[in-house]
Protein chains: 2
Amino acid sequence: MRIEKLDESTRQNLLDDLLKRSPNNYGQYEASVHVILDEVKEKGDEAVFTYTKKFDGADVNAGNILVTEEEVKEAYDAVDDSLIEIIRKSLKNIESYHAKQMQYSWFDSKPDGTLLGQKVTALARVGVYVPGGKAVYPSSVLMNIMPAKVAGVDEIVMATPPGKDGKVNPTTLVAAKEAGATAVYKVGGAQAIAALAYGTESIPKVDKIVGPGNIYVALAKKAVYGHVSIDSIAGPSEILVLADETANPRYVAADLLSQAEHDELASAILVTTSEELARKVSAQVDAFVKELSRGEIIQKSLDNYGHILVADTLEDAIAAANEIASEHLEIVTKDPYQVMMKIRNAGAIFIGEYSSEPLGDYFAGPNHVLPTNGTAKFFSPLSVDDFLKKSSIIAYSKEALEAVHLDIEKFAEAEQLTAHANSIKVRFEKEEQ
Amino acid sequence: MRIEKLDESTRQNLLDDLLKRSPNNYGQYEASVHVILDEVKEKGDEAVFTYTKKFDGADVNAGNILVTEEEVKEAYDAVDDSLIEIIRKSLKNIESYHAKQMQYSWFDSKPDGTLLGQKVTALARVGVYVPGGKAVYPSSVLMNIMPAKVAGVDEIVMATPPGKDGKVNPTTLVAAKEAGATAVYKVGGAQAIAALAYGTESIPKVDKIVGPGNIYVALAKKAVYGHVSIDSIAGPSEILVLADETANPRYVAADLLSQAEHDELASAILVTTSEELARKVSAQVDAFVKELSRGEIIQKSLDNYGHILVADTLEDAIAAANEIASEHLEIVTKDPYQVMMKIRNAGAIFIGEYSSEPLGDYFAGPNHVLPTNGTAKFFSPLSVDDFLKKSSIIAYSKEALEAVHLDIEKFAEAEQLTAHANSIKVRFEKEEQ
């Protein structure tokens, strides 16, 4: 793995390089995504069935697009019981963490008859997209569904592409059932996003669509944003390990590769104050790549977006971590909590040498759907917040409004909105005549 | 004003009609917006100056695009002191309400050495767009800046189009200063959004852009979403008054017109269980339209999107209100709190006959930047939440990870992510050999 010195120019090159992976740079696919969106919007089910035949090779129709109870039973039979047990343990942790994110309605009232507040309501129906493709990710199903369930969403509708046999992967299905999906539809790609956004004869329109997907799914989500809500637009996976000389090079190397194996666009970066650690991690990475089953993908990912950066000081290393704003940040230093306090931008922060990133992917409880590609500067992990919305509450008594009515009228008139002023005026005109 | 019976078909027609106003239906402007975005991204300041000359007729350059302290002083001299006093009173209410929305970092730890938490961090720099055009809205300045200030954002950068004289409206400037803007740039339209999203030589790149604007601004915000964050895409203003026979027709009519005066696409809807109220409000609306200075806009808005709907039951009226999901909802019934409990979708809810909508626009404290066009089903009012982001915190001790390491490895292997499994395994390999 390449070792570079961390300075202003490596940092800038690295940032520019990483941003190239953004879904915003795939405009060339937009036209074909828009064709799919328009077709599904216009023709509904018919378009969904045609695209599913075309892209997934599966025959779906109004009679079989919704996964049946029988198919769910078959799935349970097909999945290893010990895996189901692990899924249940993991779900317990996910539920417990997300329950702490719950938000509640509140109000504040005064004796003069003013009441102000905020009403918190769960979304009514959400769509969870679960990709098929290269690998099957039941953990993704748990992480997308549970926050919606904790928030109190009435209907949690899942869409996932079927195999050529028209079946959904059994592990995905068991995960969906365990997490609390209320319906599972056999549809993937941009056509799934269109169906969830506009509704078809078979698939109900939702209020929000969440879940990762390929570039077509990402662009489709971006296109329907505003018509429905979406989660952050997911880019390729990333890990940044911030380590000093106290770190175990074998652990650091293993953790870097856990993200590099996702795909060739994934990015694994070590920023360290120790040249010795840098050399040891580099050697250990090379050794691991030879052993691991996904070695080929890992090597490409490292060649593309893998970096070991040696920083002069811990402060420089921290500054780089904040600029890169990585999806996953591991802090493996002598005093990791001290470093954490200086971290401003990261999706999830893993503290200390036993907090290996996959612990967060599968088990600890915090969500593994995290902001990528520098968006941790302004986006948050998927959470219960994503499935709640708020309404302001305003109640004034006659007395309370009377005390301020002239101020409001004057403010409205300053904006030349005389009908605004009028609506306050009419309530006190008798007294003033 | 037209009176219709509320039934399934009027409701559906109304919903279809309202959705026509969505910024999603203005695709024809997208190409020209993209040209502006690309030009500013590539040429920076030069493009900003050229567009400002072209669209605003103003000569701006690197020396005068940033509003100076002297210009701020001039603005204070030009604005009526009594208006400044009202702005200060209003700001106090806005600050006090938004302070209650603040969120804090938390953690939960266990004696086995696991710590899970959520770190809450303010965004570093945000851009607030303030439109020029038909009217000047200092209240909008207050409502967009204050939540960012309460959240603790370091830099709050405002962009607003200059007049032909190269000056920003003095009231806008005073409002910006009072609310806490740290810099004001003389630039508007899609070119302002581009400058804030990508940065130029004169204008710093921000993490998030908020604030209303015309269709070019809305489309530009949508296009840069993902590269930076944005608030909801604002559509035309809306009011829905839900009233029974106890409502005062004069107040209801005045409140309907307060939103109808915004622009010709604004929508004012009364849903009532009382035919008598419907008739009286209709007559009162006609009388007001003749008197009001913005009568022409109001009449067009009412012709386009104004409705009085008579419902058979209060339950039907509530169901319609939830379907329409109005930006502003006034409840003027015998027992308005009882109705409020059944409201699922609305931007802001005004309770009782003295809670006139403009009270919320200018003074009460809750934000007046609200979800429009049915998006109250999934979006919330602008709030402190918009200027905060979260990072998950995960820390496991050796003992805690050891207790679950086999579960995590098995889960990762079920997803065929062997490098994920490996990163957990390496931490316990000695013990297992």
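About the criteria used
Position labels on residues start from 1 in each chain and follow its written sequence. Labels are handed out in written order, letters beginning with A for the chains and numbers beginning with 1 for the ligands. Given that the model is predicted, a residue must reach a pLDDT of at least 70 before its local features are reported, and side-chain atom pairs must reach 80 or more before they are shown or counted; all residues, however, enter totals for whole chains, interfaces and linings. For side-chain calculations, the full set of non-hydrogen atoms in the structure is used, while hydrogens and water are omitted. Only runs of H or I of at least four residues qualify as helices and only runs of E of at least two qualify as strands under DSSP, and these elements are numbered from the N terminus. Any residue under 20% of the maximum accessible area for its type is buried, any over 50% is exposed, and the rest in between are partly exposed; the area is computed with a 1.4 Å probe on protein chains only. Strands are treated as partners if at least two bridges between them are detected by DSSP. Axes here mean lines fitted to C-alpha atoms, for a helix over just the part in contact, with angles spanning 0 to 180 degrees between N-to-C directions. Note on definitions: a residue-residue contact is assigned when non-hydrogen atoms from the two residues lie within 4.5 Å. Only Phe, Tyr and Trp rings take part, Trp by its six-membered ring, and two of them pair if their centres are within 6.5 Å. Stacked means planes under 30 degrees apart, edge-to-face means over 60, and tilted covers everything else. Put simply, a charge is over a ring when the Lys NZ or the Arg CZ is close to the ring centre, within 6 Å, and near the line of the ring normal, within 35 degrees. UniProt positions are given in the numbering used here, feature names are shortened, and annotations may be inferred rather than shown by experiment.

Moving on to the environment of B:Pro111. All names here are of chain B. Relative to the assigned elements, Pro111 resides in the loop between β2 (106-110) and β3 (114-122). Classification of Pro111 by relative accessible area gives exposed; the value is 89%. As a C-alpha pair, Pro111 and Leu314 span 203 residues in sequence and 55 Å in three-dimensional space.

Read from one edge to the other, the open sheet built from nine strands follows the order β2(A)-β3(A)-β14(A)-β13(B)-β12(B)-β9(B)-β10(B)-β11(B)-β1(B), with strand pairing classed as mixed. Each having just a single partner strand, β2 (106-110) of chain A together with β1 (3-5) of chain B make up the two edges of the open sheet. Across this sheet, the average inter-strand angle for adjacent strands is 20°, counted without regard to direction. Across the sheet, helix α13 (residues 314-324) of chain B touches β9 (238-243), β10 (267-272) and β12 (328-332) of chain B, and the angle it forms with β9(B) is around 165°.

Counted under the stated rule, the structure contains 17 aromatic pairs over all chains. Pairing A:Phe379 with B:Tyr225 gives two aromatic rings, centres 5.8 Å apart and planes at 65°, and the pair type is edge-to-face. Of the two residues, A:Phe379 is situated in the loop between α15 (357-362) and β14 (388-395) and B:Tyr225 in the loop between α9 (215-224) and β8 (229-230); the pairing between them involves two chains. The pair formed by A:Phe379 and B:Tyr225 is uniform in burial state, with each residue classed as buried. One aromatic cluster in this structure is built from A:Tyr225, A:Phe378, A:Phe379, B:Tyr225, B:Phe378 and B:Phe379. Residue placement shows A:Lys208 over the ring face of A:Phe387; its charged tip is 6.0 Å from the ring centre.

Turning to the UniProt feature "binding site: Zn(2+)" (unreviewed entry) in chain A, a few remarks are in order. In this numbering, the UniProt entry assigns the feature "binding site: Zn(2+)" (unreviewed entry) to A:Gln259, A:His262, A:Asp361 and A:His420. Judged by maximum C-alpha separation, these annotated positions cover 162 residues in sequence and are scattered in space, the widest gap reaching 56.0 Å. Setting aside anything within four residues of it in sequence, one finds A:His262 in contact with A:Tyr137, A:Ser237, A:Arg294, A:Ile297, B:Leu417 and B:His420. By secondary structure assignment, the location of A:Asp361 is in helix α15. Ignoring anything within four residues of it in the chain, the contact list for A:Asp361 reads A:Ser139, A:Met143, A:Gln259, A:His328, A:His368 and B:His420.

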